Amino acid sequence: MKASCYETWNQALQEHKIEKVQFYRCRARYPRLHGKNAIRGYHGFGGDIDMAKLTTSDGAAGWGQLSTDIREAKEAARLLTGRPLTELFRSETGILDERLQAFDIPLHDLAGKILNIPVCRMIDPACALSAPVYDGAIYMNDIIPEDAPFGPDRVIQESIDDVRLGHTILKVKIGRSHQWMEHDAGLARDIEIIRGIHEALPGTAIMVDANDGYTLEDCFAFLEGIGDTELFWFEEPFREEEEKNRALKTWLQKERPMTLLADGESMTDIPLLRDLAQKKLLDVWQPDVCGYGFTKWRTLMKEIRENGWLASPHAWGTVTKTHYCAHLAAAYPHHIPCVEAVPGTIEGVAFNGYQLENGVMQIPDRPGFGMDLIWAPEI
């Protein structure tokens, strides 16, 4: 069935040529201040996002976040115009030239708009329009501002607030001992906050993310310190490598067999991740959805499915990235258990029916990624 769908879809795409490429800069806004993680200071209230809009000679248009910097994208734009769309993109795989990676997301959106189907149904025509998500917005707001820190209750209250918004899984930043607090005090604070969230929200699943800020010994001390608090997964405990991954995974299999080990977001090394996964030393793959590439993720997901592995593309930064990941998760529900939800809005962008309900993101039955770029400054 898929093969015949793709043949029909590619015939439809063949009739279109890109005539115009426009670039825009949008402002993302979070609903609250996001402070520090283990390795980076204030994340603020959001930032600028560079987008591209592609318009065909027939007036069809698709848009999306760039997957490279704006200078590289502008240099690659000449490769887009005047060619049949199927020389740039195929519905069954994605972009056909790595030099087009900047436009990976806009080309997927454009193809979906032309074919009048959501991107997830371009990947799997039978998929449901929904994906489980987790809250990625629980930062170290207890240690800010420096002259009068809010304290642990702030992080616990923000966790409660996000559960009231519809989240059922929380990812909490840990690693205060890496640079922000004296080592033992920072580790104790990590433990205090995780236990506090568990006590305040006993029915809510918890993940932790150390952003490579822990040592192996810190991991053991933290896991012992949180007692009977269950963890869905432990993300980026340290820079991944076989010896330390093996030691931590061996401990988890003995003491916490249901806790998954997730990694691969930063300094993504696909051969290393593959080697760790093959040796059962990595459970969840996490390259970034834009930085690694949506097309590359489509290819990678076939390998992950064939091997029975799990994945969760990194999405932090913008709501749009959450929605891109949701389409991948909808197409591979048995291998992407949940994706990162970024709260907030993007000025000039309409989300058109993306709704969080009891830990699940509902995806609108609209063409492409189902979002509209209403207005943004052109650059």
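Scroll up a little and you will see the structure.
Residues numbered from 1 in each chain as written. Predicted model: local features only at pLDDT ≥ 70, side-chain atom pairs only at ≥ 80, totals over all residues. Heavy atoms only, no water.

Draft legend 1. Looking closely at the sheet that holds strand β2 (residues 48–56). Reading across the sheet, the 4 strands line up as β3-β2-β1-β14 and stay open at both edges, with antiparallel pairing between neighbours. What marks the edges here is a single partner per strand, and that holds for β3 (61–65) and β14 (345–346). Relative to β2, strand β1 (residues 18–29) runs antiparallel, the two sharing 9 bridges. Counted as the bridge partner of Arg27 is Asp48 from β2. Packing of helix α3 (residues 104–115) onto the sheet brings it into contact with β1, β2 and β3, and relative to β3 it is tilted by some 150°. In this fold helix α11 (residues 319–331) packs onto β2, β3 and β14, with an angle of close to 110° to the strand it touches most, β3. (Pairing = 2+ DSSP bridges. Helix = DSSP H or I, 4+ residues; strand = E, 2+ residues; numbered from the N terminus. Contact = heavy atoms within 4.5 Å. Axes fitted to C-alpha atoms, helices over the stretch in contact; angles between N-to-C directions.)

Draft legend 2. Summary view of the layout of surface pockets. Put simply, the largest pocket is a space of about 380 Å³. If you go around the largest pocket, you meet 18 residues; those closest to its centre are Val342, Pro343, Gly344, Leu356 and Met361. Secondary structure elements with two or more residues in the lining of the largest pocket: α11 and β16 (355–357). The element contributing the most residues to the lining of the largest pocket is α11, with 3 residues. Its residues assigned to classes, the lining of the largest pocket comprises 10 nonpolar, 5 polar and 3 charged. (1 Å grid on protein atoms, 1.4 Å probe; cavity = no way out; pocket = protein on both sides within 12 Å on 5 of 7 lines; lining within 4 Å. Points joined across faces, edges and corners; volume = space filled by probe spheres on them. Nonpolar A, V, L, I, M, F, W, Y, C, P; charged D, E, K, R; others polar.)

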